[in-house]
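# Per-entry structural report
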Amino acid sequence: MTTAIVWFRRDLRLTDNPALRAALQAHQRVLPVYLHAPDEEAPWQPGAASRWWLHQSLTALDATLRKCGARLHIAAGATLPALRRLIVATQADAVYWNRLYEPAVIARDTVIKEALRNDGLDVHSFNANLLFEPWEIATAQDTPYKVFTPFWRTARARLQERPPLPPPRRIEGIELADALPLDRLGLQPKIAWDKGFHAVWQPGEAGAARKLREFCTEAIGDYSAARDLPDRVGTSQLSPHLHFGEISPMQIAWALHQQAHSARQQAGAQKFMSEIGWREFSHHLLYHFPQTAQKNLNPRFDHFGWAVDDEVLLQRWQRGRTGIPIVDAGMRQLWATGWMHNRVRMLVASFLTKNLGQHWLHGARWFWDTLVDADLAANTQGWQWTAGSGADAAPYFRIFNPVTQGEKFDANGDYVRRWVPELRSLAADEIQQPWRVAGGLQRCGYPPPMVDLAVSRARALTAYQATAQR
């Protein structure tokens, strides 16, 4: 009887899981394993919000496996020794996993694959989390893309949607006595700051499938316009499910291909697929330019005139006390739910880097700790795009005005009212600029703007112009 180990990482699903499917096709018994070794991902070990999600998702995965006749074996510590112990305990002759693409993980996995093969094991890895491997899309000169539009044009032309691989009905599993209880991993917060998370999210494969169904039936037709409006559910909110591999991008592509019938739905599906394309592009960039998780992609910004690090400014931004309503609404939404609307992400990032002049890494690190969808590739790309130091970077003169953006995309002020309750009594034409209401700030206890938007914009323009001329 042949036995295989299936090493689950951020592919926490049974549907459309090529590593699991291949193992079940080639072997009579399978040990599903999760190995907890966060330090092997340094310097970007999972943040607090990600750990919360991981705990829930592993719980859901184990429950699904048990329905199929197997259990998730959990272990902690250095991965290679842990795998070797499990191989001995099960007499496994093969190990299967789905690939990840962060620099530290690639280096770790390369060492593990070579070591296990030298031990005489069959080792197989698969693409389960991207539409294309990062090395499969290249320019005509066989170089990496640095601009999104031609990248996605090439990738979209090559994309062939396919039905997802079906989940197994039965798994002949193995139960070992030394499995760790999930609680021993210490993923849950000791202080209950996660109360709001449970009301918003259903981590796990079932929750991902539900989000996709709701998006396809209720939101896809209006997506092109509604995706920019933070006061409503106009986006898919699939990003954390994608990050943890509870759903694959091919499952999403196939669902849109099958269910987008009307012209509006097809337009929405096309626009949404371009957002999936941005995710692909982010992984493409991080794979080819692994230094960008810490350093500027554009070397001109290595000498950019960032302001001196200011903990007071940074903490006011983190806590949603900047005095700019839509910025504060976004930061408070992030703290309460572990997520922030994408349009607002751009606004809070622009405010931190351009109006406050703080280095983009300060924002990237805060997002990394507080977002349930904290993804190294997307986080890096998003912050460098806004700061102007990355690929497809916004021109230096594009500095979002959070007041006019709020008036445009939260015209009635409903988003601000939800997350900044101090301002609920203000009218729609007042709520994005409450300092202009006579006595309004004193009455509601809301702080004045921590920086003059016009003055800070001019200062940022000067710094960006100097960088552009280098």
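Right above here is the structure, for reference.
Residues numbered from 1 in each chain as written. Predicted model: local features only at pLDDT ≥ 70, side-chain atom pairs only at ≥ 80, totals over all residues. Heavy atoms only, no water.

This part takes up the nonpolar core. If you look at the biggest cluster of nonpolar residues, it comprises 56 residues, and the most contacted ones within it are Trp317, Phe351 and Phe367. Considering every element that reaches this core, the biggest residue donor is helix 14 (residues 342-355), with 7 residues. What Trp317 contacts, discounting residues up to four positions off in sequence, is Thr322, Val327, Met331, Val348, Phe351, Leu352, Leu356, Gly363, Trp366, Phe367 and Trp383. Counting residues in each nonpolar core, the second largest holds 34 residues, with Leu159, Ala269, Phe272 and Leu297 among its members. (Core = buried A, V, L, I, M, F, W, Y, C linked by side-chain atoms within 4.5 Å. Buried < 20%, exposed > 50% of the residue type's maximum accessible area, 1.4 Å probe, protein only. Helix = DSSP H or I, 4+ residues; strand = E, 2+ residues; numbered from the N terminus. Contact = heavy atoms within 4.5 Å.)

It is worth spelling out the pairing of strand 3 (residues 73-76) at this point. Both strand 2 (residues 29-36) and strand 3 contribute to a ladder of 4 bridges, which runs parallel. Following the sheet pairing, Tyr34 is matched in strand 3 by Ile74. Handedness of the β-α-β unit built from strand 2, helix 2 (residues 48-67) and strand 3 comes out right-handed. (Pairing = 2+ DSSP bridges. Right-handed = clockwise from strand over helix to strand, strands pointing away.)

Moving on: unusual backbone geometry. For the bond running from Ala42 to Pro43, omega is 10°, close enough to zero to count as cis. Assignment of secondary structure puts Pro43 in the loop between strand 2 and helix 2. Positive phi outside glycine occurs at Asp16, with the angle close to 55°. Positionally, Asp16 belongs in the loop between strand 1 (3-8) and helix 1 (18-26). Accessibility expressed as a relative area gives 2% for Asp16, which makes it buried. You will see that Gln91, though not glycine, has its phi angle at about 55°, which is positive. Relative to the assigned elements, Gln91 resides in the loop between helix 3 (79-90) and strand 4 (94-98). A relative accessible area of 69% places Gln91 in the exposed class.

What follows concerns the sheet that holds strand 4. Within a beta sheet, neighbouring strands are joined by backbone hydrogen bonds and run either parallel or antiparallel to one another. The parallel open sheet is built from 5 strands, whose spatial order is 3-2-1-4-5. With partners counted over all chains shown, the strands left at the sheet margins are strand 3 and strand 5 (122-126), one partner each. The mean inter-strand angle of the sheet, taken between neighbouring strand axes irrespective of direction, is 25°. Lying on the sheet, helix 1 is in contact with strand 1, strand 2, strand 4 and strand 5; it crosses strand 4 at an angle near 155°. The sheet strands contacting helix 4 (residues 103-118) are strand 1, strand 4 and strand 5, and the helix crosses strand 4 at an angle near 160°. (Axes fitted to C-alpha atoms, helices over the stretch in contact; angles between N-to-C directions.)

Burial in helix 17 (residues 402-409) covers these residues: Pro402, Val403, Gln405, Gly406 and Phe409. Looking down the long axis of helix 17, one finds its buried residues gathered within 165° of arc, a one-sided arrangement. The secondary structure elements touched by the buried residues of helix 17 are helix 13 (325-337), helix 14 and helix 20 (453-468). Sitting at the amino-terminal end of helix 17 is Asn401, which places a side-chain oxygen 2.9 Å from the backbone nitrogen of Val403. (Arc of directions from axis to C-beta. Polar contact = N/O pair within 3.5 Å; in protein donor to acceptor, adjacent residues only side chain to side chain.)

Structurally, Val372 is set in the loop between helix 15 (360-370) and helix 16 (376-387). Looking at Val372, the relative accessible area reads 0%, which means it is buried. Separated by 326 residues in the primary sequence, Val372 and Pro46 place their C-alpha atoms 9.8 Å from one another. Aside from chain neighbours lying at most four places away, what touches Val372 is Ala49, Ser50, Trp52, Trp53, Phe197, Trp201, Pro240, Phe244, Thr337 and Gly338.

Bringing the packing of helix 14 against helix 15 into the picture now. At a minimum axis distance of 9 Å, the contact between helix 14 and helix 15 shows a crossing angle of 140°. The angle between helix 14 and helix 15 falls in the class oblique. Between helix 14 and helix 15 lies a crossing of right-handed hand. Residues Arg345, Val348, Leu352 and Thr353 of helix 14 lie in contact with helix 15, whose contacting residues are Trp360, His362, Gly363 and Phe367. Broken down by class, the residue content of the contact of helix 14 with helix 15 amounts to 4 nonpolar, 3 polar and 1 charged. (Parallel < 35°, antiparallel > 145°, perpendicular 65-115°, else oblique. Left-handed = near helix turned anticlockwise from the far one by under 90°. Nonpolar A, V, L, I, M, F, W, Y, C, P; charged D, E, K, R; others polar.)

To continue, consider the pairing of strand 2. A regular strand carries its side chains on alternate faces of the sheet. Burial analysis of strand 2 places 7 of its 8 residues in the buried class, which makes it a mostly covered element. Of the strand pairs in this sheet, strand 1 and strand 2 are connected by 6 bridges, and their pairing is parallel. Among the inter-strand pairings, Val6 is bridged to a residue of strand 2, identified as Pro32. Once you follow strand 1 into helix 1 and on to strand 2, the crossover reads as right-handed.

It is worth spelling out the packing of aromatic side chains at this point. One pass over the structure, following the stated rule, counts 27 aromatic pairs. Between Trp201 and Trp339, the ring centres sit 6.4 Å apart and the planes meet at 70°, which makes this aromatic pair edge-to-face. Of this pair, Trp201 sits in the loop between helix 6 (195-200) and helix 7 (205-219) while Trp339 sits in the loop between helix 13 and helix 14, and the two are 138 residues apart along the sequence. Look at Trp201 and you get buried, because its relative accessible area is 5%. Taken together, Trp52, Trp53, Trp193, Phe197, Trp201, Phe244 and Trp339 form an aromatic cluster joined through their ring pairs. The ring of Trp7 is capped by Arg9, whose NZ or CZ atom sits 4.3 Å from the centre of that ring. (Phe/Tyr/Trp six-rings, centres within 6.5 Å; stacked < 30°, edge-to-face > 60°. Lys NZ or Arg CZ within 6 Å of the ring centre and 35° of its normal.)

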